[in-house]
Amino acid sequence: MPSNYRDIQTAVRVEKFRIWFAWVSGGVIMFLIANATRNVAIVSVITQTLLVVLGILSTIAAVTMTNRLNRKAADARKAILDDV
């Protein structure tokens, strides 16, 4: 395979790592916030509700971005391998 395809694959892998690292980091931060507010009655309920919604939205965003990267990598692979 040409090195151009390898460069594309490496870039896609790095971007996927960044996406999922940010997702995990956000999850840890959300957990710490929820844990810090657990003893304050109404704030805890509101915080946990918001964090659940934000967690679902961030998961959807991360999966969507990963799927788009996979499609771009597949298109690039087809374009490079068809040229050979």
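Each remark here, short or long, concerns the structure printed above.
This structure is a prediction, so every number in the text was calculated from the model and none was measured.

Colleague: Would you mind going over the overall build of the chain with me for this structure?
Modeller: When you go through the chain residue by residue, the secondary structure sums to two helices and zero strands. Relative to a compact globule of 84 residues, whose C-alpha radius of gyration would be 12 Å, the chain shows 19 Å and is clearly more extended. With the principal axes as the frame, the chain shows a C-alpha extent of 65 × 15 × 10 Å. The proportion of buried residues among the 84 residues of the chain is 19%. Summed over its atoms, the accessible surface of the chain is roughly 6400 Å², and 67% of this surface lies on carbon and sulfur atoms. Of note, the chain has its 10 positive side-chain charges centred 12 Å away from the centre of its 5 negative side-chain charges.

Colleague: Honestly, the packing of aromatic side chains in this entry has me stumped. Any pointers?
Modeller: Aromatic ring pairs are defined here through the distance separating the ring centres and the angle between the ring planes. The tally for this structure, following the rule as stated, stands at two aromatic pairs. Here the aromatic rings of phenylalanine 17 and phenylalanine 21 are separated by 5.9 Å at their centres, their planes lie at 20 degrees, and the arrangement is stacked. Of this pair, phenylalanine 17 and phenylalanine 21 both sit in helix H1 (residues 3-36), separated by four residues, roughly a single helical turn. Of the two residues, phenylalanine 17 and phenylalanine 21, neither departs from the other in class, the shared state being exposed. For the pair tryptophan 20 and tryptophan 23, a centre-to-centre distance of 5.4 Å together with 75 degrees between the ring planes defines the contact as edge-to-face. One end of the pair is tryptophan 20 and the other is tryptophan 23, both in helix H1 and three residues apart, which spans about a single turn. Note on tryptophan 20: relative accessible area 31%, which makes it partly exposed.

Colleague: Would you take a moment to explain the nonpolar core for this structure?
Modeller: Generally speaking, soluble globular proteins have nonpolar side chains that are buried together. Formed by Val12, Ile19, Ala62, Leu69 and Ala73, the largest nonpolar core amounts to five residues. Of all the secondary structure elements, the ones that give two or more residues to this core are H1 and helix H2 (41-83). Look past the residues within four positions of leucine 69 in its chain and what remains in contact with it is Val12, Glu15, Lys16 and Ile19.

Rules used in this analysis
Residues numbered from 1 in each chain as written. Predicted model: local features only at pLDDT ≥ 70, side-chain atom pairs only at ≥ 80, totals over all residues. Heavy atoms only, no water. Helix = DSSP H or I, 4+ residues; strand = E, 2+ residues; numbered from the N terminus. Rg over C-alpha atoms; globule rule 2.2 N^0.38 Å. Buried < 20%, exposed > 50% of the residue type's maximum accessible area, 1.4 Å probe, protein only. Areas by Shrake-Rupley, 256 points an atom, 1.4 Å probe, with all protein chains shown as cover. Lys, Arg positive; Asp, Glu negative; His and termini not counted. Charge placed at Lys NZ, Arg CZ, Asp CG, Glu CD. Phe/Tyr/Trp six-rings, centres within 6.5 Å; stacked < 30°, edge-to-face > 60°. Core = buried A, V, L, I, M, F, W, Y, C linked by side-chain atoms within 4.5 Å. Contact = heavy atoms within 4.5 Å.

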